[in-house]
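# Structural overview
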Amino acid sequence: MTATATQRVAHEIASFFAMNGDDDSDDASIIRTNVYRPNLALYVTPVQEAMETQEQGQELPEPSEERLSILRERLMQRGGPAIVYCTRRKMTVAVADAL
């Protein structure tokens, strides 16, 4: 459902989707577990060009060669499945094309 919902929000969501057992549907279970997942990792690498562009209040139109080089290196080191997050759809398409 969601990894960060408070207990109240989780119950509201279950109620909204009629998952609360008030009708003929099965009673819903709300499962809460620790968010730690040993198979997941988050890496953030500041890139000088990106920091300078942000300071000037501009957006990068496409990924710089510096960013792509760092990303390729990280993906090769990982050697397995990975998810690459981009802030805009246009950047996502550009990164996917470059990879």
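Here the structure is a predicted model, which is why all the values come from computation and not from measurement. (Residues numbered from 1 in each chain as written. Predicted model: local features only at pLDDT ≥ 70, side-chain atom pairs only at ≥ 80, totals over all residues. Heavy atoms only, no water.)

Our next topic: the environment of S64. Locating S64 in the fold gives a position in the loop between α2 (48-55) and α3 (65-78). In this structure the C-alpha to C-alpha distance between S64 and V95, which are 31 residues apart in sequence, comes to 9.7 Å. Among the polar contacts made by the side chain of S64, one reaches the main-chain amide nitrogen of R67 at a distance of 3.1 Å. (Helix = DSSP H or I, 4+ residues; strand = E, 2+ residues; numbered from the N terminus. Polar contact = N/O pair within 3.5 Å; in protein donor to acceptor, adjacent residues only side chain to side chain.)

On to the pattern of salt bridges. Per the stated rule, a full pass over the model turns up 2 salt bridges. Residues R8 and E12 are paired through a salt bridge, measuring 3.1 Å at the closest nitrogen-oxygen approach. Residue R8 and its partner E12 are both found in helix α1 (residues 7-16); the two are separated by 4 residues, about one turn of the helix. R8 sits in the exposed class, given a relative accessible area of 58%. (Salt bridge = Lys/Arg side-chain N within 4 Å of Asp/Glu carboxyl O. Buried < 20%, exposed > 50% of the residue type's maximum accessible area, 1.4 Å probe, protein only.)

The subject of this paragraph is the packing of aromatic side chains. Applying the stated rule across the entire model yields 1 aromatic pair. Look at F16 and F17: their rings are 5.0 Å apart centre to centre, the planes differ by 90°, and that puts the pair in the edge-to-face class. F17 gets classed as exposed once you look at its relative accessible area, which sits at 53%. (Phe/Tyr/Trp six-rings, centres within 6.5 Å; stacked < 30°, edge-to-face > 60°.)

All right, on to the confidence of the model for the protein then. Confidence along the protein averages 77 in pLDDT terms, with 76% of residues attaining 70 or more. When the elements of the protein are averaged for pLDDT, α2 gives the smallest value, 66, and helix α4 (residues 89-98) the largest, 89. (pLDDT = per-residue confidence, 0-100.)

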